[in-house]
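# Structural characterization, general
Chain by chain, the residues run as shown.
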Amino acid sequence: MRTNRTTTMVAILTTAFTLACVGVFLLLYVNLRTAAGWLQDDVKIMVYLDDRLAPDSVVEVEQRLRGDRAVASLLFFSKEQALGEFKAQFPSESHLLEGLGQNPLPASFVVALSPSFRSPDAIKRWAERVRQDSGVSKVDYNQDWIDALATVIRSIELVAIGIGVILSAAAVTIIANTIRLTLFARRDEIAILRLIGATTSFIRVPYLLEGAVLGALGSALSLAMLKFMYELFRQQMRTMGRFAGLDNLIAFFPPSVCLALVAVGMGLGVAGSFVSMRRFGEAKA
Amino acid sequence: MIQLIHVSKQYDQRLALSDVTFEIGKGEFVLLMGPSGAGKSTLLRMLIGAERPDEGQIFVHQKNVTTIRPSEVPYLRRKVGTVFQDFRLLPKKSVFDNVALPLLVQGVSSADIRRKVTEALRAVGVEHKRDQLPAGLSTGEQQRVCIARAIVNGPVVLLADEPTGNLDPALTSEIIELFKLINARGTTVVVATHDPLVMMQVNRRVLTLSQGRLLPEQRVMG
């Protein structure tokens, strides 16, 4: 590495910028996944009861729901409570209901499902099943929103994978070119080593290590840049009134992921070295 | 120690070696003579597995070099020391480090490296230059360092390709004497040269190549 200090620095910086671009998408993806997880955990399913249902039957429905292993918690919402809630949320529209004479809003159970039943598919299946039950008029939950978010996450996942693959290939190429310059500068030395009986691994290991160090440093630097941008972004959010509080919800990569990313950088570096040595032929003697 | 059986090699349309057959026994000192382009360097490169013949078989120290696997080549080269006309020393490494290189690639301990390098430098008479860089040495000294590097790990064969090509007659004599000393210790020595002065000084078996063909053998008796 000492032979081409400038080239090495440029390679580390370019690798860092390249991996930082991948990192931005990864960070966005990880945070959206977390947010989606929270929303999924927070899904409340409204089980609306038939308006003509006798109080005994309401208890029956409640018992049936309580006995369901998918149900984690249950809250009864009477017709009166529903009306009160409506008036509280839409005060200017409350006269619409007064004109009807009687309360048209149905009683309902607000159901939260157990963690193992919170996937979009499981929620859907559960809702379909309960919808058929006697005394239930309608089952409602904010599935559209969840589906939309899932689609967005899937798209970001695809973009992140695509960009990740392209930019990783770019990082491999950058490191490969740097190693090739080193190999070129040391071609005489390599040829001599071959002539005096050095094995291929004896010759290759230092260059593979150089690639690994370049990749790891590039990756570590990209994480430092990302962390800096992340803190800057959080600070901006804090100062912007509308997003105050949201800054605590976004998170940086946990240490284990940071280590994994450095390892990935190292792997890309080794791959770059390998590609370069294969092409260069290690100054065959 | 070295055996060539009907060896031929062609580069594009040019014949480098044609049906060459000879044998060199253990402990022999052989001169490989011939003008530039006669095929001497090609032959030496074949002996260390750097080139493969198109036809024929080559054996070095009972190893068939023609069928050797690439992974075995380094181990062959550890038994065959090589001396070059242009010395091929690493310019940024000291004399000691240059000579230590063959031992380093074999994973020899630092204590043994120190001992063996010192012995080799003493044998060629440049022990006092051990800490200098090659650029600070005379051409004769550089060639001595190159020879020290070739013998440091006790090879069974020493190959030298035009080792006196860059040296004046006085230095040529010194280097030839060194080869004789190395040979006297039991190492088979093959020197490729076009210099008649070397032939006169060596007075040993001579193999002559001309346009890739081996001419009838002659022995110079001194």
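Here, the structure is the one placed above.
This text gives an overview of the structure that appears in the document. (Residues numbered from 1 in each chain as written. Chains lettered and ligands numbered in written order. Predicted model: local features only at pLDDT ≥ 70, side-chain atom pairs only at ≥ 80, totals over all residues. Heavy atoms only, no water.)

Quick look at the overall build of chain A now. Within chain A, the secondary structure is distributed over nine helices and four strands. Ordering the α and β elements of chain A from the N terminus gives α-β-α-β-α-α-β-α-β-α-α-α-α. For chain A, with 285 residues in total, the buried portion stands at 40%. Considering only intrachain contacts with a sequence separation of at least 6, the fraction spanning at least 24 residues in chain A is 82%. Of the roughly 16,100 Å² of accessible surface on chain A, a fraction of 63% belongs to carbon and sulfur atoms. (Helix = DSSP H or I, 4+ residues; strand = E, 2+ residues; numbered from the N terminus. Buried < 20%, exposed > 50% of the residue type's maximum accessible area, 1.4 Å probe, protein only. Contact = heavy atoms within 4.5 Å. Areas by Shrake-Rupley, 256 points an atom, 1.4 Å probe, with all protein chains shown as cover.)

Inspection of every chain in the model, using the stated rule, returns 23 salt bridges over all chains. A salt bridge links E189 of chain A to R186 of chain A, with the nearest nitrogen and oxygen atoms 4.0 Å apart. The salt bridge involving R115 of chain B is made with D112 of chain B; its shortest N-O contact spans 3.5 Å. One end of the pair, R115 of chain B, and the other, D112 of chain B, are both in helix α4 (residues 110-124), three residues apart, so they sit about a helical turn from each other. Overall, R115 of chain B belongs to the partly exposed group, its relative accessible area being 44%. D112 of chain B sits in the partly exposed class, given a relative accessible area of 30%. What emerges from the salt-bridge pattern is a single network uniting K9, R45, E51 and D54 of chain B. (Salt bridge = Lys/Arg side-chain N within 4 Å of Asp/Glu carboxyl O.)

Right, let's get into empty space enclosed by the protein. Under the counting rule described, the total for this entry stands at one cavity of 30 Å³ or more. Approximately 100 Å³ is the volume found for the largest cavity. Surrounding the largest cavity, L195 and I196 of chain A together with R77, R78, V80, G81, T82, F84, P102, R149, A150 and N153 of chain B form its lining. The set of elements that each furnish at least two residues to the lining of the largest cavity consists of β6 (80-84) and α5 (139-151) of chain B. Ranked by residues supplied to the lining of the largest cavity, first place goes to β6 of chain B with four residues. (1 Å grid on protein atoms, 1.4 Å probe; cavity = no way out; pocket = protein on both sides within 12 Å on 5 of 7 lines; lining within 4 Å. Points joined across faces, edges and corners; volume = space filled by probe spheres on them.)

Take the interface of chain A and chain B next. Each side of the interface is counted separately: chain A has eleven residues, and chain B has 17 residues. A buried area of about 1,300 Å², summed over both sides, lies between chain A and chain B, and 69% of it is on carbon and sulfur atoms. The interface formed by chain A and chain B includes zero salt bridges. At the junction of chain A and chain B, the tally comes to two residue pairs in polar contact (both at pLDDT 80 or more). Ranked by the residues each element gives to the side of chain A that touches chain B, the list is headed by helix α7 (residues 187-195) of chain A, at five residues. Here the residues of the side of chain A that touches chain B are counted per class, giving seven nonpolar, two polar and two charged. (Buried area = accessible area lost by both parts, 1.4 Å probe. Polar contact = N/O pair within 3.5 Å; in protein donor to acceptor, adjacent residues only side chain to side chain. Nonpolar A, V, L, I, M, F, W, Y, C, P; charged D, E, K, R; others polar.)

To continue, consider the side chain of S222 of chain A. Residue and element names in this part refer to chain A. Mapping S222 onto the fold places it in helix α8 (residues 200-239). Accessibility expressed as a relative area gives 4% for S222, which makes it buried. Among all residues touching S222, those that are not within four sequence positions of it are A16, L19 and A20.

As a further point, take the layout of surface pockets. Rolled over the atoms, a probe with the dimensions of a water molecule shows which regions are left empty. Residues and elements named next belong to chain A. For the second largest pocket, the calculated volume is near 490 Å³. Looking at the second largest pocket, it is lined by 18 residues, and the ones nearest its centre are L27, L28, N31, F233 and I250. Every element with two or more residues in the lining of the second largest pocket is listed here: α1 (5-41), α6 (143-185) and α8. Here the element with the most residues in the lining of the second largest pocket is α1; it accounts for eight residues. Residue composition of the lining of the second largest pocket, grouped by class: 17 nonpolar, one polar and no charged.

Turning our eyes to something else, we now look at a nonpolar patch on the surface. Residue and element names in this part refer to chain A. On the surface, V24, F228, M229 and L232 cluster together into a nonpolar patch covering about 380 Å² of accessible area. Here the nonpolar patch gets three residues from one element, more than from any other, and that element is α8. Assignment of secondary structure puts M229 in helix α8. Classification of M229 as partly exposed rests on a relative accessible area of 40%. (Patch = residues over 30% accessible without salt bridge, like charges linked within 9 Å, V, L, I, M, F, W, Y side chains within 5 Å.)

Now for the environment of A260 of chain A. Of note, A260 of chain A is situated in helix α9 (residues 255-280). For the pair A260 of chain A and S219 of chain A, spaced 41 residues apart in the sequence, the C-alpha separation amounts to 10.0 Å.

Residue and element names in this part refer to chain B. Its 16 residues give helix α6 (residues 169-184) an end-to-end C-alpha distance of 22 Å, which sits within 8% of 22 Å, the value for a rise of 1.5 Å per residue. Taken together, the buried positions of α6 are L171, T172, I175, I176, L178, F179, I182 and N183. Viewed along the axis of α6, the buried residues span an arc of 155°, placing them on a single side of the element. For α6, the exposed residues set more than 90 degrees away from the buried face come down to P169, A170 and A184. Directly after α6, the chain includes G186, whose backbone phi takes a positive value near 110°. (Expected span 1.5 Å × (residues − 1). Arc of directions from axis to C-beta.)

Take helix α2 (residues 55-67) of chain A next. All names here are of chain A. Between its first and last C-alpha atoms α2 spans 19 Å; for 13 residues at 1.5 Å apiece the expected length is 18 Å, and the two agree. Among all positions in α2, only V58, V61 and L65 are buried. Looking straight down α2, one finds its buried side chains confined to an arc of 60°; they lie on one side. Exposed residues lying more than 90 degrees from the buried face of α2 are D56, Q63, R66 and G67. On the buried face of α2, the contacting elements are β1 (45-49), β2 (71-77), β3 (108-113), α5 (120-131) and β4 (136-140).

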